[in-house]
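Close look at the chain arrangement
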Amino acid sequence: MWWFQQGLSFLPVALVVWSAASFVFSYITAIVLHHVDPLVPYISDTGTIPPERCLFGIMLNISAFLGMATMYVRYKQVYALNPEKSKIIKLNKIGLTLGLMSCFGLCIIANFQKCILYYIHVVGACLTFGVGAIYMLVQTVLSYLMQPEVHSKDIFWIRLTVLLWCCSSIVSMFISSVVLYSGLYGTNLVQKLHWDPQEKKISLRAVVSLHGQTLYNTPQSFVTDEQALLIAGSI
């Protein structure tokens, strides 16, 4: 039996695969219909115009649901492994709250498109990426507190590496976005879906887009090395 066939381990797998598929399908649709340029478009741009907007919205809503389920299972897993440690229990509850907020932000991104309601879309991105990064920080701290009784130090270092990777992507994307939309490179860039490769700002846009794709496809899930048999009755 493969590891993702054990218990509820299929949830984080389904979350990552489905989320990646939602971006790929909306990208292919937008490219085929010539709604965006093939070279690293914003993920949000590939979900702006129908019909890819409809596909993007419904698939990201399902991703948000899978994320909520994954984070709830993670919450129950940590609680089952540490039923008497008050510090871990408190952090675990904080982590669940942050995780659900991050998933709600993903719903906002899915349903409020960048070119239509830009500021609400940005709020959703802040919830998804910003609060999501704090959620990952909490999970990293939990992994630190649970070693070596529950799992090895490798799990902590893996989570710490992913956290640092995501934080660096957020900082780079934020700085590039601020510079790009500062007005130095023109106005009304939010509505712009087609870009001239000769424009100087294309490099800044590529940085923002690539880091956005990195953040969207970073799994925020539990690690299977933490052996806890989660059955329906315990959830």
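Residues numbered from 1 in each chain as written. Predicted model: local features only at pLDDT ≥ 70, side-chain atom pairs only at ≥ 80, totals over all residues. Heavy atoms only, no water.

Description of the packing of aromatic side chains
The following threshold applies: A pair of Phe, Tyr and Trp rings is counted when the ring centres sit within 6.5 Å of each other, with Trp represented by its six-membered ring. The angle between the planes then sorts it: under 30 degrees is stacked, over 60 is edge-to-face, the rest tilted. Strands are runs of DSSP state E lasting at least 2 residues, helices are runs of H or I lasting at least 4, and numbering of each runs from the N terminus. Partly exposed describes any residue whose relative accessible area lies between the buried limit of under 20% and the exposed limit of over 50%, with all areas from a 1.4 Å probe on protein chains only and scaled to the type maximum.
Here the structure, examined in full by the defined rule, presents 5 aromatic pairs. Arranged with centres 6.5 Å apart and planes meeting at 45°, the rings of Phe23 and Phe56 form a pair that is tilted. Highlighted residues: Phe23 in helix H1 (residues 10-32) and Phe56 in helix H2 (residues 52-81), separated in sequence by 33 residues. Comparing Phe23 with Phe56 shows no difference in burial state: the two are buried. When the ring of Tyr144 is compared with that of Phe156, the centres are 5.3 Å apart and the planes differ by 55°; the resulting orientation is tilted. Remark: Phe156 occurs in helix H5 (residues 153-180) and Tyr144 occurs in helix H4 (residues 118-146); sequence separation between them is 12 residues. The class for Phe156 is buried, based on a relative accessible area of 12%. An aromatic cluster of at least three residues, connected via ring pairs, comprises Tyr144, Phe156 and Trp157.

Details of the packing of helix H3 (residues 86-111) against H4
Stated precisely, the cut-off is as follows: Each axis is a line fitted through C-alpha atoms, and for a helix only the stretch in contact is used; angles between axes span 0 to 180 degrees, taken between their N-to-C directions. If an angle is under 35 degrees, it is roughly parallel; if it is over 145, roughly antiparallel; if it lies from 65 to 115, roughly perpendicular; otherwise it is oblique. Should the near helix be turned counterclockwise from the far one by less than a right angle, the crossing is left-handed, whereas a clockwise turn marks it as right-handed. In the scheme used here, Gly and all other residues not listed as nonpolar or charged are polar, with Ala, Val, Leu, Ile, Met, Phe, Trp, Tyr, Cys and Pro taken as nonpolar and Asp, Glu, Lys and Arg as charged.
Running from amino to carboxyl end, H3 crosses H4 at an angle of 155°, the nearest separation of the two axes being 7 Å. Between H3 and H4, the crossing angle belongs to the class labelled roughly antiparallel. In terms of crossing hand, the pair formed by H3 and H4 is left-handed. Counted by class, the contact of H3 with H4 contains 19 nonpolar, 10 polar and 1 charged residues.

Let's talk about H1
Spelled out, the test is: What a helix is expected to span follows from its residue count: subtract one and scale by 1.5 Å.
For H1, spanning 23 residues, the distance from its first C-alpha to its last is 32 Å, which sits close to the expected 33 Å at 1.5 Å a residue. The set of residues buried in H1 consists of Leu11, Pro12, Leu15, Ser19, Ala21, Ser22, Phe23, Ser26 and Ala30.

Some thoughts on the side chain of Gln147
Inclusion rule: Throughout, a contact is declared for two residues whenever any of their heavy atoms are within 4.5 Å.
For Gln147, the position within the fold is in the loop between H4 and H5. Contact partners of Gln147, with chain neighbours within four places excluded, come to Ser152, Lys153 and Phe156.

Details of unusual backbone geometry
With an omega dihedral of 5°, the bond running from Pro50 to Pro51 counts as a cis peptide bond. Along the chain, Pro51 turns up in the loop between H1 and H2. In this chain, Gln147 is followed by Pro148 through a cis amide linkage whose omega measures -5°. Considering the arrangement of structural elements, one finds Pro148 in the loop between H4 and H5.

Geometric descriptors of this kind do not, in isolation, establish any biological role.
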